[in-house]
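Now for the letters of each chain:
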Amino acid sequence: MAEATAQLDLGNEYKYGFHDDVEPFFKSRKGLDREIVAQISEMKGEPAWMRDFRLHALEVFRSKELPVDSAWGGPDLLGLDFDDIYYYVRPTDKKVTDWDEVPAAIKNTFDRLGIPEAEKKFLAGASGQYDSEVVYHHINQDLEKQGVVFLDTDTALQQHEEIFKEYFGTVVPPEDNKFAALNSAVWSGGSYIWVPAGVEVKIPLQAYFRINSQNMGQFERTLIICEPGSRVHYVEGCTAPIYTTDSLHSAVVEVIVKDGARCRYTTIQNWSSNVYNLVTKRAVAYENATMEWVDGNLGSKLTMKYPSVYMYGRGARADILSVAFAGKGQHQQAGGKAVHAAPDTTSTIVNKSISKDGGKTTYVGLVSIAEDCPRCKSNVKCDALIMDDKSESDTVPYIEVEEDDVTLEHEATVSKISEDQLFYMMSRGIPEQQATMMIVMGFIEPFAKSLPMEYAVELNRLIEMEIEGGLG
Amino acid sequence: MRHIDTLPGPGWLTDLRRAAARIDARTALPRWDRTDVSGLDLSRFALPAGGTVELTLPPEARERGVVAGTIADLARDEPELVQQHLGRLVPAQAGKFEARNAAAHHGCLVYVPDGIALSGPVHIVYRLGTGAPAQFHPRTVLALGRMAEADVFQREDGGPPPGETDAGAATALVTSVVEAGIADGARLRFVELQNWSLGVRNFTARRCELGRDARVQWLLGELGGGLSRSATTSVLRGVGAEALSQVVFFPSGTQHMDLLATLEHHGARTNGLMLARGVLIGHSRAIYRGTSDIKHGAKDSNSQQKENTLHLSAGVRSDAIPALYIDENELQAGHAATTGKVDQEQLFYLESRGLTRREAERLIVHGFFAPLVERIPLPPAREELTALVDRKIDERSAV
């Protein structure tokens, strides 16, 4: 595999593109059928209802067409071969809660990503997902005292089946889209968070996700339930090693934010440039609840991701802030959806995209305001920065209004790095590369500001690498 | 196919129509997002197609070398001119309705030679009778030579009322085509008021191509049709070309309007602006799609759009889809959209001055449209548009 990696024409070197030789404990055969789905469920010792749910989702997956939207020349998904993917790989035979027990090869991977230091420095539970199953999961004592449940999703199903069953699949049913159906059939891993009423989780909960085995799809499933008046901030960061053939990442994230609760979900995604990243992220927000999606998309071959908030309660609020960076051979299709289904609801969508070295960014967004939902407000702002004349940027916002008493604003701009700005900075003795970097960081500042500090630092470093790669 | 032979024009035009009819026959109905026409049964609209065409030229136009007339007459008298321009920008291959129009059009062609500026507007009226079922396929072909200047005022109206048994059902099919070639340095201002009856399903394609430093202004009023889809495309081919694409729309009752404006920037330093203002009442539905398509090489171009919608009733729905497709980095592009309702304070203020609510709303609607209406260069067109808007407000009052 090391040889194969070396043959890739990467354009610029992908820092996290190392590969550790981990012997998978169990690996399903390639492809997808009822037998494999049933086998996954059996391996996990799941209750019958979950097995039936998976099998039903498989039927839905088979019956649905690939999403192709001719209206805006949707990206090409035909390069995906669903029969050439391992749908389930379990890397080790037991879960560990102590870092010392984590196998050395896996630990090595995490070491290079800086996880243990992060774990030492801060925070509550860092749950690292290595291939399909969470192998390292630590829950901070304080969280347990507060009654907060932070588990990998498989364990949560075993330990909290009642609450799990009540919410699982209610926000994103398998029928929603082809990839949600696929995830529902073969999901494995992901995070489960339950925050009791009135509890405020003061520190961000974090998880690292990685794809490791060649040709292995990763189908994690995350479920977050915020009881009334609670607060939580969940952070996921993604990096993946480089492979020679296409990998598929198709996650489903469901968030339920009950009355007066507040949830922020932060993602920094940096998949290697062969990964198809097709994610369904959706939250429902009830009365006076606030849902915030903070979404940074770097890397991957193709990303299609539109974090959504369905506002079902009066006074609910949605904030969607996303940044996309597309380099050579990459297509970032990121956006956001705000569905106003109750009066006095407010949404803000801010999208910043940067394309470079022939990369393409597309913003696809939706603001929908239903009938009989007066006094809704929505503000959408999309800014694109195109770094060179090989790169492309598309912006396609959909705005649907059925209510007369609304305030709705949409703005978009596309620009390049101004020669004047560069000239000014260079005349002050700042080298061109550094000046470019400063301008780009200024462009995405609203996003960087909303990240926890250590993620802001990582984002800085990743963007620096992207810019260096192109100018070198 | 036999109905084609009854349409006017020389043999070569009939051959062209027949070829288009064959394309029509093998082309499926389009599948559009948000405007579903898949259930439209074209066979129930009676043939042959027909309606009236009126063309009025400003004085002394012919003396100055302007060639104008119905396409059928000119096909006989000036075959080379017609062959050069007919179907060049909107060919039969463009789609089902474009093919239908190419096969069965009634229309006019106006050619303005190099350097000629017309002294007044060209008037074109397409009118459909109240008989149903019917179909009518108006086509306007414009060719402006280098440095030529022309204003065109086109009106489309008439048509049967909506079907009685099935409320809102289409009783007439209209496909309308405008193709305008605008050579280097030429200038076209095209004003159109579309006011088909509610029994009409209208499908319009307007397309112009601009040479170096050429300018176009589309100044459109979309008021009629039970269902109306109109796509207006400006191809900014030459360096320094400029386009303004503006539309005022006002659907009421159960009207469905799907309006597209597209600016295709090919040339460097091309400049484009799309403006749309719409008021919706009753249970109407409007979709506005403004697209800036900046092709590689359109360096230092600017493409902007602004859309504002005002909802005057609770049961309406408006969608805005302002898209940017950018292949070039040396440019400026942007769009902005707003939707809102009538400001209650404005209403209160006007009512406190003794105006009835209806009069107050009327003032607000006219005030809302004013920034676009003021851009229409022809006073009679402004007045007519204002009168049509008034009539819509009155009709609403009558309900």
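Residues numbered from 1 in each chain as written. Chains lettered and ligands numbered in written order. Predicted model: local features only at pLDDT ≥ 70, side-chain atom pairs only at ≥ 80, totals over all residues. Heavy atoms only, no water.

Colleague: Explanation requested: the overall build of chain B in the structure shown.
Modeller: Across its full length, chain B holds eight helices and 19 strands. For chain B, with 399 residues in total, the buried portion stands at 60%. For chain B, contacts bridging at least 24 residues in sequence account for 84% of all contacts bridging at least 6. Total accessible area computed for chain B in this model is approximately 15300 Å², and 49% of it derives from carbon and sulfur atoms. When the 45 positive and 48 negative side-chain charges of chain B are each reduced to one mean point, those points stand 3 Å apart. (Helix = DSSP H or I, 4+ residues; strand = E, 2+ residues; numbered from the N terminus. Buried < 20%, exposed > 50% of the residue type's maximum accessible area, 1.4 Å probe, protein only. Contact = heavy atoms within 4.5 Å. Areas by Shrake-Rupley, 256 points an atom, 1.4 Å probe, with all protein chains shown as cover. Lys, Arg positive; Asp, Glu negative; His and termini not counted. Charge placed at Lys NZ, Arg CZ, Asp CG, Glu CD.)

Colleague: Please clarify how the interface of chain A and chain B should be interpreted in this entry.
Modeller: Taken together, the 33 residues of chain A in the interface contact 34 residues of chain B. Summing both sides of the interface, chain A and chain B together bury roughly 2700 Å²; the carbon and sulfur share of this comes to 48%. Area buried by chain A at its contact with chain B is led by A:Asp389, A:Asp404 and A:Val414, which between them contribute 20% of it. At the junction of chain A and chain B, the tally comes to four salt bridges. Measuring nitrogen to oxygen at the nearest pair gives 2.6 Å for the salt bridge that ties A:Glu400 to B:Arg34. (Buried area = accessible area lost by both parts, 1.4 Å probe. Salt bridge = Lys/Arg side-chain N within 4 Å of Asp/Glu carboxyl O.)

Colleague: Sorry, what's going on with the state of the cysteines here?
Modeller: A covalent bond between the sulfur atoms of two cysteines is what we call a disulfide. All names here are of chain A. By the definition in use, this model includes zero disulfides over all chains. Cysteine Cys 226 is unpaired, with the sulfur of Cys 263 as its nearest cysteine sulfur at 4.3 Å. Residue class for Cys 226 comes out buried when judged on its relative accessible area of 0%. In this model Cys 382 remains outside any disulfide bridge; the closest cysteine sulfur is found in Cys 376, 19 Å from its own. We classify Cys 382 as buried; its relative accessible area is 2%. (Disulfide = S-S within 2.5 Å.)

Colleague: Just checking my understanding: could you explain the packing of aromatic side chains for this structure?
Modeller: The way to describe two aromatic rings as a pair is by their centre distance and the angle between their planes. Residues and elements named next belong to chain A. On inspection of all chains with the given rule, the structure shows 19 aromatic pairs over all chains. When the centroid spacing of 6.5 Å and the interplanar angle of 55° are considered together, the rings of Trp 49 and Phe 164 count as tilted. On the criterion of sequence distance, the pair formed by Trp 49 in helix α3 (residues 48–63) and Phe 164 in helix α8 (residues 161–167) is long-range, its members being 115 residues apart. Side by side, Trp 49 and Phe 164 carry an identical accessibility label, which is buried. Put simply, the rings of Trp 49, Phe 53, Phe 164, Phe 168, Trp 187 and Tyr 192 pair up and form one aromatic cluster. Here the basic side chain of Lys 44 rests over the ring of Trp 187, its NZ or CZ set 5.7 Å away from the ring centre. Against the face of Phe 443 rests Lys 352, its NZ or CZ located 4.9 Å from the ring centre. (Phe/Tyr/Trp six-rings, centres within 6.5 Å; stacked < 30°, edge-to-face > 60°. Lys NZ or Arg CZ within 6 Å of the ring centre and 35° of its normal.)

Colleague: Sorry, what's going on with the environment of B:Ala314 here?
Modeller: Its location among the elements puts B:Ala314 in the loop between β17 (301–311) and β18 (317–326). B:Ala314 gets classed as partly exposed once you look at its relative accessible area, which sits at 46%. Each C-alpha atom of the pair B:Ala314 and B:Gly282 lies 7.7 Å from the other, and the pair is 32 residues apart in sequence. When neighbours within four sequence positions are excluded, B:Ala314 is seen to be in contact with A:Glu371, A:Glu402 and A:Asp404.

Colleague: Where do I start with the pairing of strand β7 (residues 149–158) of chain B in this structure?
Modeller: Regular strands have side chains that alternate between both faces of the sheet. Residue and element names in this part refer to chain B. When you tally the buried positions in β7, you get eight out of 10 residues, the bulk of the element. As defined by bridge partners, β7 adjoins strand β9 (residues 187–196) across 10 bridges and the pair is classed as parallel. Paired with Asp 157 across the two strands is Asn 195, which belongs to β9. (Pairing = 2+ DSSP bridges.)

Colleague: Would you mind showing me how to read the pattern of salt bridges here?
Modeller: Close approach of charged atoms allows side chains with opposite charge to pair. One pass over the structure, following the stated rule, counts 57 salt bridges over all chains. We note a salt bridge from A:Asp295 to A:Lys305, for which the minimum N-O separation is 3.0 Å. Of this pair, A:Asp295 sits in strand β14 (residues 290–299) while A:Lys305 sits in strand β15 (residues 302–305), and the two are 10 residues apart along the sequence. With a relative accessible area of 1%, A:Asp295 lands in the buried category. A relative accessible area of 3% places A:Lys305 in the buried class. For the salt bridge of B:Arg127 with B:Glu54, the shortest nitrogen-to-oxygen distance reads 3.6 Å. Within this pair, whereas B:Arg127 is found in strand β4 (residues 122–128), its partner B:Glu54 is found in strand β1 (residues 52–56), the two being separated by 73 residues in sequence. Using a relative accessible area of 35% as the deciding quantity, one classes B:Arg127 as partly exposed.

Colleague: Which parts of the structure should I look at to understand unusual backbone geometry?
Modeller: Most peptide bonds are trans, and most residues other than glycine sit at a negative phi. Residue and element names in this part refer to chain A. For Asn 288, which is not glycine, the phi torsion reads 55° and is therefore positive. Structurally, the position occupied by Asn 288 is in the loop between β13 (275–285) and β14. For Arg 375, which is not glycine, the phi torsion reads 60° and is therefore positive. Among the secondary structure elements, Arg 375 is positioned in the loop between β20 (360–369) and β21 (376–386). Relative accessible area serves as the criterion here: at 43%, Arg 375 is assigned to the partly exposed category.

Colleague: Before we go on, may I ask you to explain the packing of helix α2 (residues 34–43) of chain A against α3(A) in this structure?
Modeller: Between two packed helices, both the angle of their axes relative to each other and the distance between the axes serve to describe the pair. All names here are of chain A. The N-to-C vectors of α2 and α3 enclose an angle of 150°; their axes lie 9 Å apart at closest approach. With respect to each other, α2 and α3 are oriented roughly antiparallel. Crossing handedness for the pair α2 and α3: right-handed. Residue-level contacts link Arg 34, Val 37, Ala 38, Ile 40 and Ser 41 of α2 to Arg 51, Arg 54, Leu 55, Leu 58, Glu 59 and Arg 62 of α3. Grouping the constituent residues of the contact of α2 with α3 by class yields five nonpolar, one polar and five charged. (Axes fitted to C-alpha atoms, helices over the stretch in contact; angles between N-to-C directions. Parallel < 35°, antiparallel > 145°, perpendicular 65-115°, else oblique. Left-handed = near helix turned anticlockwise from the far one by under 90°. Nonpolar A, V, L, I, M, F, W, Y, C, P; charged D, E, K, R; others polar.)

Colleague: Would you take a moment to explain α3(A) for this structure?
Modeller: Two residues of an α-helix separated by three or four positions point the same way, owing to the 3.6 residues in each turn. Residues and elements named next belong to chain A. In this model, α3 (16 residues) spans 23 Å end to end at C-alpha, consistent with the 22 Å of a helix rising 1.5 Å per residue. Listed in full, the buried residues belonging to α3 are Trp 49, Met 50, Phe 53, Arg 54, Leu 55, Ala 57, Leu 58, Val 60 and Phe 61. At its buried positions, α3 is contacted by α2, α7 (153–159), α8 and α9 (178–186). (Expected span 1.5 Å × (residues − 1).)

Colleague: Please explain the nonpolar core as it appears in this structure.
Modeller: Generally speaking, nonpolar side chains in soluble globular proteins are found buried as a group. Formed by 53 residues in total, the largest nonpolar core has its most connected members in A:Ile224, A:Val232, A:Val255, A:Met291 and A:Trp293. At five residues, the largest contribution of residues to this core is made by β21(A). Setting aside its immediate chain neighbours within four residues, A:Val232 contacts A:Ile193, A:Val195, A:Val201, A:Leu205, A:Ile224, A:Cys226, A:Arg262, A:Cys263 and A:Arg264. Formed by 51 residues, the second largest nonpolar core is a distinct cluster that contains B:Val66, B:Ala68, B:Cys108 and B:Phe249. (Core = buried A, V, L, I, M, F, W, Y, C linked by side-chain atoms within 4.5 Å.)

Colleague: How should the environment of A:Lys301 be read in this particular structure?
Modeller: Residue and element names in this part refer to chain A. Among the secondary structure elements, Lys 301 is positioned in the loop between β14 and β15. Judged by its relative accessible area of 29%, Lys 301 falls in the partly exposed class. Expressed as a C-alpha distance, the spacing of Lys 301 and Glu 236, which sit 65 residues apart in the sequence, is 20 Å.

Colleague: What exactly am I supposed to notice about the side chain of A:Ser308 here?
Modeller: Residues and elements named next belong to chain A. Of note, Ser 308 is situated in strand β16 (residues 308–311). At 2.9 Å, the side chain of Ser 308 forms a polar contact with the backbone oxygen of Tyr 306. Among all residues touching Ser 308, those that are not within four sequence positions of it are Lys 281, Arg 282, Ala 283, Trp 293 and Lys 337. (Polar contact = N/O pair within 3.5 Å; in protein donor to acceptor, adjacent residues only side chain to side chain.)

Colleague: Would you mind showing me how to read the packing of helix α6 (residues 344–352) of chain B against helix α7 (residues 357–373) of chain B here?
Modeller: Residues and elements named next belong to chain B. Contact geometry of α6 with α7 gives a least axis separation of 9 Å together with a crossing angle of 125°. Between α6 and α7, the interaxial angle falls into the category oblique. With respect to the hand of their crossing, α6 and α7 are arranged in right-handed fashion. Counting all contacts with α6, which are made through Gln 344, Gln 346, Leu 347, Leu 350 and Glu 351, the residues of α7 involved are Arg 357, Ala 360, Glu 361, Leu 363 and Ile 364. In the contact of α6 with α7, the residues fall into five nonpolar, two polar and three charged.

Colleague: So what exactly am I meant to see when it comes to the environment of A:Leu58 here?
Modeller: With respect to the helices and strands, the residue A:Leu58 is situated in helix α3. Through-space distance from the C-alpha of A:Leu58 to that of A:Leu32 is 8.7 Å; in sequence the pair is 26 residues apart.

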